[in-house]
Every structure is written in structure tokens, then in C-alpha cells.
Amino acid sequence: MFKHFIRLQWKAFVRSASFKTEIWFKILMALGALYFILVFLSLGVGSYFIIEKAGLGDPLRVVNRFLIYYLAFDLYLRYMLQKMPVMNIRPLLYLPLPKTQVVRYALGKTLLSFFNISHAFFFIPFSVVLLVKGYPVLSVVGWHLACLALILTNNFLNILLNNVDRVFYPLVLVLALFGIAQYYGWFDVTVYTAPVFDLFYDVPWTAVLPWGVLAGTIAWAYTYFKRHMYLDAGLSAKQEVGKTEDYTWLNRFGNLGTFLKNDIKLIKRNKRSRTTVLVSFLFLFYGLFFFTGSVEVYETPVMQVFAGIFVSGGFLFTFGQYVPSWDSAYYPLMMSQNIRYREYLNSKWWLIVIATGVSALLAVFYLYFGWKAYLAILVGTVYNLGVNSYLVLWGGAYIKTPIDLGSNKKAFGDRQAFNGKTLLLTIPKLLLPLLVFWLGQLLWNDTAGYLMVVVVGLAGFAFKERAFRMIEKIYKKEKYKTLLAYKQQGA
Amino acid sequence: MIEAKNLTKTYGTQTVLNLESLEIPKGQAFGLVGNNGAGKTTLFSLLLDLIQPTTGHIVNNGVEVRSSEAWKPFTSAFIDESFLIGYLTPEEYFYFIGELRGQSRADVDALLENFSEFFHGEILGQKKYLRDLSKGNQKKVGIVAALIGSPEVVILDEPFANLDPTTQIRLKQVIKDLAAKREVTVLVSSHDLIHVTEVCERIVVLSKGEVVRDIQTTPETLRELETFFEGQIA
């Protein structure tokens, strides 16, 4: 029976649309994956030596101190991004399979998630380094197994917590407060938690305890799901109360207004798009790394232009790059309705322009770090509006991943997050302005560099018609492929 | 109104549609029947330029569908739930389509007025998004939305499926009225022979992508169709 489940899973994986991409993109994606694996591995191996060199004390003890935050952050990421297993077991319900087996399959499946495997890249090399460095074998093994159990506990906790916002957000708040308190030295929660993790090392047999906790969580998740395996209970989709909204103030923009209205509703009423907008809001604060002088390499003017583009371009990057995909569920309607491509693209462009403008306004607090900081952001804004706004729309034509608006979990929990095309197209968006600035700075000075980026941005405005014509052509060419790919919802 | 010439659609080695010539005059109520895989939805998708023909072309009111978008203003369709926007309420959806088709709110309201019986009080003012409506109610919304803005060509794929008996009867009247009063060309596909013969003046039977019967509806048509499909059981 288990064999069948595994076969199902494998088919779902290899038969999804995004997997059938061109060969050179596959190679690129493989290289990208390899790169990330190497980075994580070297981090795992290197962290021991980095901590040792920084003179913070015994690396293992240091890791133990921060392990609580590591686990908390892991849980947070999982909650935001990990895809839940329950929705796609509906077709299995009425088949002659014992319920217990279906539940076991659904829960077991989550173990293979990226969110569990990725930790191995840190913990395994770190433990190996510990052993090489002559730490007692039994203690290291005990510690390692304890960590493994805790990570897996997170996996099942997340399943139980899923969609219970009223438990989750207070939890995050408490942990965030602990973090802030520790930073300012008011209260150090790690004083109390570190000994727990130390214990697994000092007294290896105590590693049994987290495994006991893990077993408990699994049993809890198991009974919970078994009890709720009904279409109107655990498997039901939540219904929201619908509210008809007008936004009559947008009427004056004609067809453009019609689309904008729809896009506002799209963003407001769907989980996935709400999360995306929230993430794009966080981009606003990314500049803090650059302008507060907290990271040295970021203080060069070139990096400040980079920051400017990120700070004002949060929405552009997170929402804009998936532009036709947001409408994937009803793309056939859009393609057969009385809509010209130009109008459709234009409305998305305006949405991006408005959001970028709003971001630039909200970023006004960077003035606190000097007018130069805000200037860099404004320069980035102009470039985003004039050049990147077209580039994201262009890139969107190639992203044929249907978006499930009702679910957050696909934003990262899938291999689709490593969409090679998305990554590839991000490069000209970010590197080109840096290059332009660098050239200007090299030939004359900083001011000239800023000016040149602005000029390129403004030139982009002048070419709007041309750019749109080109993008329109590409959208038309890709239309049939896109329609086909969107048909594979939730693959 | 609609002309298809040498129209074929091939996937790999399999030809799913092969129409030498098909002409549908203006104002005709045109019915398409055939078993699964006969090519009904393929034909409709080609008409809406949702897929590309392998050979040939379709001309809709003088506009070649694959090379121009000028057919969009006078053509509307409801194929499946991918024509609905799940996060809108039915009202919002109707107004959205209305605005795209140059209809004011009042125009849309006036049209909806005619369908209050059809909706049976389960669509308007329900405080529900389309994604939370039942399949049958979603279908009602899609069909009515396809009638907004007085289109000249209306394409409905399997409109009777999923509807309750009362609504089926009402829908038949709606389609008949369309074709009779307003010079509208209606294209309907169905698996239900009784429904199509009742509503359509002309019925084309597709089998494996080819036209095997092209009948002007008469009282004998139903019998004829039944005999044909019985013959398919071999």
C-alpha cells in the first residue's frame, strides 16, 4: 500500500508543469541548487571555525545558546511557507484504504520536506567537525540526535498549529520580545534555555527526552487528523463572508480602473497575495542594513544604489514578477474577454508604479540617516519605475507557475521557489543599475553615477510605447503555452 | 457568422479535430453533440483562440480569430470555472464583465433583473465569494455573465450539466429567446440529447474530431440521434 503512495507522490513531482522546462534552464537550476548546497555545507563546516575565531568561547556552547532562536525561526518559516499535506488527500478518502494509513501517509510525507532536509546541511557537517576536533563521540551523537528530534518536532507542531493564527502570532510576539530584550541586555532567555541544550551534550542519554516529545507530538498530530478527516471538519476550506465593494473613485480611469479595482480585491481577499504584499513591505526595512553602517561592505555608494532599488522595489519584485500568474485561475476568461493585452499590461504596470511610489513615500524615514540615504532610494525608485517595471512584466511572461491564491504554502515550500527563470531575470534588474552607477562613478564621481542611473530610468519612460509593444508580442507568443500550464492547477 | 476552413488540431500523432468546412449562419442556435473526446471543447477553445489550430483557421464575423482580437467585443463564452474569478462576489463579477463590455451598472442591473427567477434567490446578495458557491450556482453565474453586453456570439460548453431540473428548463427558455428575438448566434454543446434537440435549430454530431452528422432539427431528430449513438455501442 505504501508503495502506491510513494508512486503517487513521485508522479505529482515529475509531472508538474514547471518541471518540464527547457533543458538549459534545468541545468541552470541544478547548478543553482548545487550552489546552495555548497553554501550550506560550508556554513555547517565553517561555523565551528568562525565562532572559534571570533573568540566567543566553545562553539558548541555558543550554538546551544542560540539554538532556541534557531528553532523558533524554523517554526516561523515553516508556518509561513511549508505546504500542508492535508488538502490533497481528499481523493483518497473514499478509497478502500484504512483511514489510519491515509493519515500516516499524509503526515509521513511532510518528513521529506525541504524544511527538514535543509537542516541536515548544518547539523551533519557541524557534528562531524565536532568529532574531528575530538569532542567525545557519545556526547556529540546524543546532542545531534536531540537536535534532530527537536527539528522534527517542529515539523509536526507546525502541522498542528497550521491556520491557528491566534496561537501562532502571540508565540512569535513573545519570542521576538525575548530577542529584543536580549539584544538590549534587559533579560537573557538563553541563560535558561542553553543549559537544556547543553544537557543533551553533557548527559547524552537525555537525548531520549526530545524523542519522547517528538513521539508525543506525532501521536497528537495523528489523532488530531484522524478525528478531523471529514470534508466538513479538518478538510473543509474556510469560507469568508463576502462583501461587495465598489471603489467608485477608480471609475474615472475607465478600463484601467476596472482592472485596478480587481487587483485591489485580488490582493485583499487572497491569502497568498496578502502575504506577498506583507513581504514587500518588509523590503522597506532592508535598507537599514545599508544605511545604519551595521555591515561594513554595504557602505559603499554602489551598494547604496542596490539598497535603493530594493527598498522601493519590494512590491515590484515580489508581486510584479508573478504578474500573469496572479490571474492564472481565470486566465482563459481574461484571454477571451473583451480585453486588449495592452490594457491588461498597462493596468498591471500602473499597479506596480503606484506601489513603487507609495514605497518611496513610506521610505521617507531614511532621511533620518541623512539626505544621501534617501537620495539613493529616490534614484532606485526612478530606475525601478523606468526600467524594472518593464523587466518584471517581461519576465512574467515566462513564469508559468499557476498560483493557488488560497494557499500560502507554495511561496517557498516547493521547488518552484527556485524557478531558474525568475532568478536569471533578477540579475539585469539589479546588476544593470549598479553597473551604470559604477561607470558614472568611475568616470566622474558619485553624483554623476546617481545622475546616470536616473537618466537611464527616465529614458525608460520615453520608451514605454516601444517596451509595451515588445512585451505584448512576447505575451501573445507565450499565450497558448501559458494557458496550458495554468490548467495544471495545484500540481 | 462563423466559418471554419480546413481546421485541424493535432497533438503528437493524434488528431483531435478535423473539420473540412463548417459554417454557422448568424442567429442560428447551433448544437454540438458527441461523446467525450469527440472534439467539442477543442472546437470551442479554438473559437476563443485559447489554443492554436494545427492547420486552417476560423473566421468569426469577418475577423480571423488567431490573428486579430477584434472578435472579442461581440463574442462571449462560458466554458468552465476558469472563466470565473473566485475572489469576487457574483455582483462584482457581473459588474466587472459589464465594464469590460462597456455596460453601465444600470445596464447590468437591468439584465440581472430578468434572471432573478433563474437565480432562484441563491446568487445575488448572498455575501459569498464565487469560490464558495456550489458548482451549479457557479455555472448559473458564468452563463448569465456570458449574456452581458448583448454579444452576437454566445458559446456555452455543457451549460446543462450540474444544473438542477428547474434551472435546466429555465435555461432552455433563455437560449431559445436569445436565438429567436435577438439575432444572436448561440453555440451550445451537450451530452443531453433531449435538451439540445429542444433548443437548437441545427445539430452537428462530432465523433473523433470529425463531423459525422449535420442535422436541421425536426421532430424526428431526437430519434435519429439516439439511433446514431446506440450504433456507437459496438
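Provided above is the structure to which this section pertains.
Here's a quick rundown of the structure. (Residues numbered from 1 in each chain as written. Chains lettered and ligands numbered in written order. Predicted model: local features only at pLDDT ≥ 70, side-chain atom pairs only at ≥ 80, totals over all residues.)

**Regarding the overall build of chain A**
Here comes step 1: Summing up its helical and strand segments, chain A has 21 helices and zero strands in all.
Here comes step 2: Looking at chain A as a whole, 35% of its 491 residues are labelled buried.
Here comes step 3: Long-range contacts, defined as pairs at least 24 residues apart, comprise 80% of the intrachain contacts of chain A with a sequence gap of at least 6. (Helix = DSSP H or I, 4+ residues; strand = E, 2+ residues; numbered from the N terminus. Buried ≥ 20, exposed ≤ 12 C-beta atoms within 10 Å, placed from the backbone. Contact = placed C-beta atoms within 7 Å.)

**Some thoughts on the pairing of strand β10 (residues 210-216) of chain B**
Residue and element names in this part refer to chain B.
Here comes step 1: In the sheet, strand β9 (residues 202-207) pairs with β10 via six bridges, with the strands oriented antiparallel. Across the sheet, the residue bridging to R202 is Q216, located in β10.
Here comes step 2: Between β9 and β10, which follow one another and run antiparallel, lie two residues, and K208 among them has a positive phi close to 50°. (Pairing = 2+ DSSP bridges.)

**Describing the environment of L50(B)**
Here comes step 1: Residue position: L50(B) is located in the loop between α1 (40-47) and β4 (55-60).
Here comes step 2: Spatially, the C-alpha atom of L50(B) lies 9.2 Å from that of R66(B), the residues being 16 residues apart in sequence.
Here comes step 3: In contact with L50(B), not counting residues within four places along its chain, are P332(A), M335(A), S336(A), L483(A) and S45(B).

**Some remarks on the interface of chain B and chain A**
Here comes step 1: Taken together, the 27 residues of chain B in the interface contact 26 residues of chain A.
Here comes step 2: Here the side of chain B that touches chain A takes five residues from helix α2 (residues 90-100) of chain B, the largest share from any one element.
Here comes step 3: For the side of chain B that touches chain A, the residue count by class is 14 nonpolar, four polar and nine charged. (Nonpolar A, V, L, I, M, F, W, Y, C, P; charged D, E, K, R; others polar.)

**Notes on the packing of helix α13 (residues 301-312) of chain A against helix α18 (residues 371-396) of chain A**
The relative placement of two packed helices comes down to the angle between their axes together with the axis-to-axis distance.
All names here are of chain A.
Here comes step 1: Between α13 and α18, the least distance of the axes is 7 Å, while the angle of their chain directions is 60°. In this structure, α13 crosses over α18, and the sense of that crossing is right-handed. Taken together, the residues of α18 that come into contact with α13 (itself represented by Q304, V305, A307, G308, I309, V311 and S312) are A376, I377, V379, G380, T381, Y383 and N384.
Here comes step 2: The residue makeup of the contact of α13 with α18, split by class, is eight nonpolar, six polar and no charged. (Axes fitted to C-alpha atoms, helices over the stretch in contact; angles between N-to-C directions. Left-handed = near helix turned anticlockwise from the far one by under 90°.)

**Overview of the pairing of strand β6 (residues 75-78) of chain B**
Residues and elements named next belong to chain B.
Here comes step 1: Residues T75 and A77 of β6 are buried on one face, and the alternating residues S76 and F78, pointing to the opposite face, are buried as well.
Here comes step 2: Pairing analysis gives four bridges linking β6 to strand β7 (residues 153-157), with the strands arranged parallel. In the strand pairing of β7, A77 is matched with I155.

**Re helix α17 (residues 341-362) of chain A**
Here comes step 1: Between its terminal C-alpha atoms α17(A) stretches 32 Å, which fits the 32 Å expected from 22 residues at 1.5 Å a residue.
Here comes step 2: Residues Y344(A), L345(A), S347(A), K348(A), W349(A), L351(A), I352(A), A355(A), T356(A), S359(A) and A360(A) constitute the buried set of α17(A). (Expected span 1.5 Å × (residues − 1).)

**Concerning the environment of Y374(A)**
Residue and element names in this part refer to chain A.
Here comes step 1: Considering the arrangement of structural elements, one finds Y374 in helix α18.
Here comes step 2: Along the chain, Y374 and G308 lie 66 residues apart, while their C-alpha atoms are 8.0 Å from each other.
Here comes step 3: Excluding anything up to four places from it in sequence, Y374 contacts V364, Y366 and L367.

**Observations regarding unusual backbone geometry**
All names here are of chain B.
Here comes step 1: A positive phi angle, close to 60°, is found at D49, a residue other than glycine.
Here comes step 2: Of note in this structure, K208 is not a glycine but carries a positive phi near 50°.
Here comes step 3: Position of K208 among the secondary structure elements: in the loop between β9 and β10.
Here comes step 4: Judged by local crowding, K208 falls into the partly exposed class, with 15 C-beta atoms found within 10 Å.

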